[in-house]
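The primary structure of each chain is shown beneath.
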Amino acid sequence: MSALHRITRLFVIFSALVCGVVHAQFISLHQYPLTYLTSSGVDAQGNYYSRTSDPLLGFKNQYAPTGVSGCALGYPEYRSLCQSPSGGLSFNFTGYSDFNQFKVYVPAGTTFFSVTGNLPQNSQYAVAVRMDSAPERTAALSDTEYETKRNSQDIYSSYGRLMNGEELVMVHNYGGNISLAGEARFSSAPTSTGRWIYFRVLNGSSLYLLGAIYEINRDLYAQGYAAMTFGGDGDPVAGGTNPGTNPGTNPGTNPGTNPGTSTSLTGITLSVAEITVGATANSVKISPVPATATMPACTASPSALMQADSIIAALTPNAPVWLLNSTAAAALTTATTVTFTCGAQSASLVVSPAGFATTISTEVVTDPTTAAVTLRVTLTRGTAEFAAGGAVDYWVGGLLPINAFFFTNDQWFFLATNATTNVAGWTQLTLPNPASVAFKHVVAPASASDVIEIPLGFSKAEAAPFMLQVHFGYKSGTGNFRNMGKIWDSTSSN
């Protein structure tokens, strides 16, 4: 837990104490800081880096369908602002949490919802749960009552009963994981109204890895979010707002709060990440974020390599296209970063000299006995890059995205080869030394095309629940690191 996280938690608890006894209040779990991983990787010098958003407090800031928060909701137009859109919401507390009374908000547009935690086996933990208002029960369960609840509990019907106004008692079934509100699955009929769920602990005290996972219908969620009334703390006012029956705040009649018609520019995206001199693609389109925002005039730095297409700019000013300057590009000898700035927003691409184009293809090989996956990657480097000579380093990164397993940030692992045993194993980068987690180090390919066998050590079925993605990158003899992107996705049909 970061120092800021600890300080913020202490501030929230202290505020509750000032207002009265801490157990007399239901603490919103959205009042604890949440950050998003905006970027990470290995830079051109081979140094690992990661950048996160500022800590966000309150449901309004943590899960806004715009900007960085929008990435957690799977909005592709915000891809340039965060590591990877995830398609849902989540939060979790590391270590043990000892909340006595707390609440969690479930917004309109939700299609799946679950609050869980972990406990040692055979330990007791029970909570009284109610939707829209605090549960009435305060007494602990007797051993007999606990066993009765444990034997009759059905987590798959519990959430529906809560929605119908029942107060429930949820108990740990001695198996390790505990569901605090049941599992809500209603993809065919997403929630139309946002509602708070209140929890009061009756038996037990601490809970390990307390957290929640949501899946949402993006369009319905955005409408519901625009219709919410937020308090000064950034949380929705109790009771929720139904965008379908509140015309005063319905985004369909209030364009000032409708993210679909907002004119506030929060970012820009580029149609390509790299241009190679002499290749077919020699232009880039700049798009506003959100798509309906008005695009201001753009500039490029350095200015010599790219020039705006004046004809397209006149026809579609909100989607300007910039072309490679063939004269300046012909003189290019090293890869150069070009940064486009439109108003207060910026985005960059790399222009590489002729002959530096690199292609990659992946063949998936499945062991017939164990079903373990091996990726056979064919990397073909450009003639100029290969002719420059020098050894090549390869990296294989495993990405567990936000929402994969209560993660509030993307988690990166690397398939590193032990120099002594020559055996590859998954590890994390604990020191700023990317060479220590290289899959292959100081390789001298005999030709421009190199085939790399990557044994993952697990099957697709084992990786799919964690939404694992595998990425590939290399550093050539020229010293430039090149991120070749995702080469395998455990959730794809391939």
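Going by the structure above, here's the rest.
Residues numbered from 1 in each chain as written. Predicted model: local features only at pLDDT ≥ 70, side-chain atom pairs only at ≥ 80, totals over all residues. Heavy atoms only, no water.

### Considering the pattern of salt bridges
Spelled out, the test is: For salt bridges, the criterion is a side-chain nitrogen of Lys or Arg within 4 Å of an Asp or Glu carboxyl oxygen. Only DSSP runs of H or I reaching four residues or more are called helices, and only runs of E reaching two or more are called strands; each is numbered from the N terminus. Think of it in three bands: with a 1.4 Å probe and only protein chains considered, a residue is buried below 20% of the maximum accessible area for its type, exposed above 50%, and partly exposed in between.
Summed over all chains, the structure comprises 12 salt bridges. With a closest N to O distance of 3.3 Å, Glu363 and Arg376 form a salt bridge. Taken together, the positions of Glu363 in strand β21 (residues 359-366) and Arg376 in strand β22 (residues 372-380) put the pair 13 residues apart, joining distant regions of the chain. Its relative accessible area of 40% is what places Glu363 among the partly exposed residues. For Arg376, a relative accessible area of 29% puts it in the partly exposed group. One network of salt bridges, in which partners are shared, links Arg130, Glu136 and Glu167.

### Details of the nonpolar core
Generally speaking, soluble globular proteins have nonpolar side chains that are buried together. Heads up, the condition is: Think of a nonpolar core as a cluster: buried Ala, Val, Leu, Ile, Met, Phe, Trp, Tyr and Cys residues, connected wherever their side-chain atoms sit within 4.5 Å. Throughout, a contact is declared for two residues whenever any of their heavy atoms are within 4.5 Å.
Residues Phe113, Tyr159, Leu180 and Phe199 are the most contacted members of the largest nonpolar core, which totals 56 residues. Excluding its chain neighbours within four sequence positions, the residues that come into contact with Phe113 are Val104, Val106, Tyr159, Gly182, Glu183, Ala184, Ile197, Ala212, Ile213 and Tyr214. If you look at the next biggest cluster of nonpolar residues, it comprises 23 residues, including Met306, Phe340, Cys342 and Val351.

### As for the environment of His441
Threshold: Polar contact is defined as a pair of N or O atoms within 3.5 Å, subject to the rule that within protein one atom must be able to donate a hydrogen and the other to accept it, and that residues adjacent in sequence are counted only when both atoms are side-chain atoms.
Looking at the secondary structure, you find His441 in strand β26 (residues 440-443). In this structure His441 comes out as partly exposed when scored by relative accessible area, which is 47%. In contact with His441, other than residues within four places in its own chain, are Val392, Asp393 and Ala435. A distance of 3.1 Å separates a polar atom in the side chain of His441 from a polar atom in the side chain of Asp393.

### Side note on the side chain of Thr111
Take Thr111: it is sitting in strand β7 (residues 110-118). For Thr111, a relative accessible area of 13% translates into the label buried.

### Brief notes about helix α6 (residues 218-227)
Among the residues of α6, Tyr221, Ala222, Gly224, Tyr225, Ala226 and Ala227 are the ones counted as buried. The secondary structure elements touched by the buried residues of α6 are α2 (59-62), β4 (88-92) and β12 (207-216). With a side-chain oxygen positioned 3.2 Å from the backbone nitrogen of Asp219, the residue opening α6 is Asn217.

### Some points on the pairing of strand β8 (residues 126-131)
Note the threshold: A pair of strands is labelled paired if DSSP reports no fewer than 2 bridges between them.
The buried fraction of β8 is high, at 5 of 6 residues. In the sheet, β8 pairs with strand β9 (residues 168-171) via 4 bridges, with the strands oriented antiparallel. Bridge assignment links Ala128 to a residue of β9, and that residue is Val169. Judged from the 6 bridges that link them, β8 and strand β11 (residues 195-203) form a sheet pairing that is antiparallel. Across the sheet, residue Val129 finds its bridge partner in β11, namely Phe199.

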